[in-house]
Amino acid sequence: MRWSNLHTPTLRDAPADAEAASHKLLVRGGFIRQLHAGHYSLLPLGWRVFTKVEAIVREEMDAAGGQEFRLPAMHPASIWKKSGRWDVMGDEKFVVIDRKGAENVLGMTHEEIFATLAQEITSYKSLPQIWYQIQTKFRDEPRPKSGLLRVREFTMKDAYSFDLDEAGLDKNFDLLRDAYVRIFDRLDLPAMPVEASSGAMGGSGSTEFMVPSPAGEDDVVRCNSCDYAANVERSSSALPAVTDRDLPDLIKFPTPGVRTIAALEAVEGGAPSHQQIKTMVMVLDGTTTLALVRGDHQLNMQKLQDGTGATDVRPATPEEAEAALGAMPGSLGAVGVKGLRIVADPVLQGRAGLTTGANEDDWHYRGVNIERDVAVDEWMDLRDVSAGEACISCGAPLEIVRCIESGHIFKLGTMYAEAFGAHVMDPDGNQRPLVMGSYGIGIERNVAAIAETHYDDNGLIWPAAVAPFEAVITVVSLKDEASVAAADALYSELKAKRIDVLLDDRDARAGVKFADAELIGIPYRITIGPKALADGEVEFTVRADGETTRVGLDAIADQLVAALTG
RNA sequence: CGGGACGUGGCGCAGCUCGGUAGCGCACCUGCUUUGGGAGCAGGGGGUCGGGAGUUCAAAUCUCCCCGUCCCGACCA
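### Quick notes on the domain arrangement of chain A
Part 1 of the reasoning: What the domain assignment lists for chain A is domain 1 (11-72 + 107-235 + 400-452), domain 2 (251-379) and domain 3 (469-565).
Part 2 of the reasoning: Taken over C-alpha atoms, the centre of domain 2 sits 67 Å from the centre of domain 3.

### Quick look at the pattern of salt bridges
Part 1 of the reasoning: All told, the structure shown has 36 salt bridges when counted by the stated rule.
Part 2 of the reasoning: Its salt-bridge partner being Arg-85, residue Glu-112 comes within 2.8 Å of it at the nearest N-O pair. In this pair, Glu-112 sits in helix H5 (residues 111-117) while Arg-85 sits in helix H4 (residues 85-89), placing the two residues 27 residues apart along the sequence.
Part 3 of the reasoning: Exposure remark for Glu-112: the relative accessible area of 0% places this residue in the buried category.
Part 4 of the reasoning: By relative accessible area, which is 2% here, Arg-85 ends up buried.
Part 5 of the reasoning: For Lys-252, the salt bridge is made with Glu-360, and the minimal N-O distance between the two is 2.7 Å. Note that Lys-252 is positioned in strand E13 (residues 251-254) and Glu-360 in strand E18 (residues 354-360), a separation of 108 residues in sequence.
Part 6 of the reasoning: In this structure, a network of salt bridges that share partners links the residues Glu-59, Glu-60, Arg-182 and Arg-186.

### Observations concerning the layout of surface pockets
Part 1 of the reasoning: In this structure, the second largest pocket occupies an estimated 380 Å³ of space.
Part 2 of the reasoning: What lines the second largest pocket is a set of 21 residues, among which Thr-279, Met-280, Pro-329, Gly-330 and Leu-332 lie closest to the centre.
Part 3 of the reasoning: For the lining of the second largest pocket, the secondary-structure elements that each account for two or more residues are helix H7 (261-266), strand E14 (277-284) and E18.
Part 4 of the reasoning: Per element, the largest residue contribution to the lining of the second largest pocket is five residues, and it comes from E14.
Part 5 of the reasoning: When grouped by side-chain class, the residues that make up the lining of the second largest pocket number ten nonpolar, nine polar and two charged.

### Notes on the packing of helix H2 (residues 44-63) against helix H12 (residues 443-453)
Part 1 of the reasoning: Between H2 and H12, the least distance of the axes is 9 Å, while the angle of their chain directions is 110°. The pairing of H2 with H12 is recorded here as roughly perpendicular in orientation. In this structure, H2 crosses over H12, and the sense of that crossing is right-handed. Packed against H2, whose contacting residues are Val-49, Phe-50, Val-53, Glu-54 and Val-57, the element H12 presents Ile-443, Glu-444, Asn-446, Val-447 and Ile-450 at the interface.
Part 2 of the reasoning: Split by residue class, the contact of H2 with H12 holds seven nonpolar, one polar and two charged.

Cut-off values and rules
Residues numbered from 1 in each chain as written. Chains lettered and ligands numbered in written order. Predicted model: local features only at pLDDT ≥ 70, side-chain atom pairs only at ≥ 80, totals over all residues. Heavy atoms only, no water. Domains from an automatic or database assignment. Salt bridge = Lys/Arg side-chain N within 4 Å of Asp/Glu carboxyl O. Helix = DSSP H or I, 4+ residues; strand = E, 2+ residues; numbered from the N terminus. Buried < 20%, exposed > 50% of the residue type's maximum accessible area, 1.4 Å probe, protein only. 1 Å grid on protein atoms, 1.4 Å probe; cavity = no way out; pocket = protein on both sides within 12 Å on 5 of 7 lines; lining within 4 Å. Points joined across faces, edges and corners; volume = space filled by probe spheres on them. Nonpolar A, V, L, I, M, F, W, Y, C, P; charged D, E, K, R; others polar. Axes fitted to C-alpha atoms, helices over the stretch in contact; angles between N-to-C directions. Parallel < 35°, antiparallel > 145°, perpendicular 65-115°, else oblique. Left-handed = near helix turned anticlockwise from the far one by under 90°. Contact = heavy atoms within 4.5 Å.

And the structure:
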């Protein structure tokens, strides 16, 4: 490609509304342009990176035994109602009404369609199967953000495995997990596999691949001493033992104006936060529920959702809380409460001498024995892990790292197979539902994740495997005929060697060309100018470290090939 | 959906408080000079000031409604 013909509108200034590094640089470098919130056009450079990322994903999926499909992006509403996800997905699905008035869904993932196709797998002898596609997904995200990191229309490689039993699923899960490790390795992304929540996908277990980055949206709890790592939504930690206070009797005492845990610590007759019960009034699918955690802990909403199986979880409004318990938030508690579902964090199990709200403004209880005084329906992990708490497997302090979710793989089980009647005959002649797994990677998000982790003050620094061009030949002066001739010859030579090379033949000042080449992040630059050329040499610059060496014109092609293959 | 900010040539911004000429930098076009790290001078083109309604002799500026975008929280590849 000759730069004089390339549409790469580079900008000196980043758009004012861009915050994330990848967003700024991809816009500045002329890789992407926004159409509207959550929808981006990929310009030629952006598309080149995209296709290289896509090719790596495809190669590794094929190597793992995957078979590529291409499914419709638009589905009849009926299939989504059949799986139950019409309701689960709620406002996040794009619904399109056709001329007949029928509802259609723009696909968010394709479990339903693949499960339908899997009806034609009829014997265990055909198993296992790994099916995948690379296709556009639509999700009406409540808040698209950060350029390509979170959008409403994007391309996903979604794969699905089909097995006779859980053991088969486990095997495929591990196989594809390994494929993912190889993919992220080739993309030069430091993605760590972590335990995760399955969320709306359902299923028994899942692993996320997390790339540490301040532009991410997830927090990962990680141990530096062992290999424990989990999304905060699934994480746990070891806590030091606490001793109950010796308060055998339940006593109601006045707490005028006390509305917070901190205030209750300070008031006459109060208690340290870890001797308190925090009572959160939550609404789960329309049903008011009390969620109890220790006073110094935070409720994790995802854990509450996962633990209860609810699809919609939100805090109650102060008015709803008052209607349910008779007091405003700040004086709420679960002592003696009947008729409401009560779930509690296991850290509270067996504890006594606690302090909590009395469901009467300005009054609290002390001496609460949770087993005696609170009708807990279910104990479930509900609390956030905090940095510095001890690792459950080795005891070392945990850290919390902000991450981009680059990939997510799920053990789905049989739910979709049962919904769509995807059964096979087993060796004993019994019909059994297929056991499924699902495996997703967002292509654009990974392009952004690479950008987010590969840049400096001068611009992007693409890994050669995904760079829009592997090398750029910069002609310092178009007026110097010898330079032009040498550049043209080298350009032809590199193309013949199947190197992705860009020839900067623009009639611009050298400084502009250097700055642009660095901004768009081409990993290797060959500068051809009169100075070195007089000695039969060119300059070879590595984008990552800026190191420049003089190389003979006759040796540069081999040196570049060595750099690219090394 | 809750909270905050913003919307003025392709990009970044000023002008709005106090209504009256739409301006600056970058980019773009022409010419001359320049030419190894985002050149200089001269000339030039381009803007329904997000949209609608209202107030007014007069609205980018004041009022109301709507739309859009970004950021922070609840969701996900």
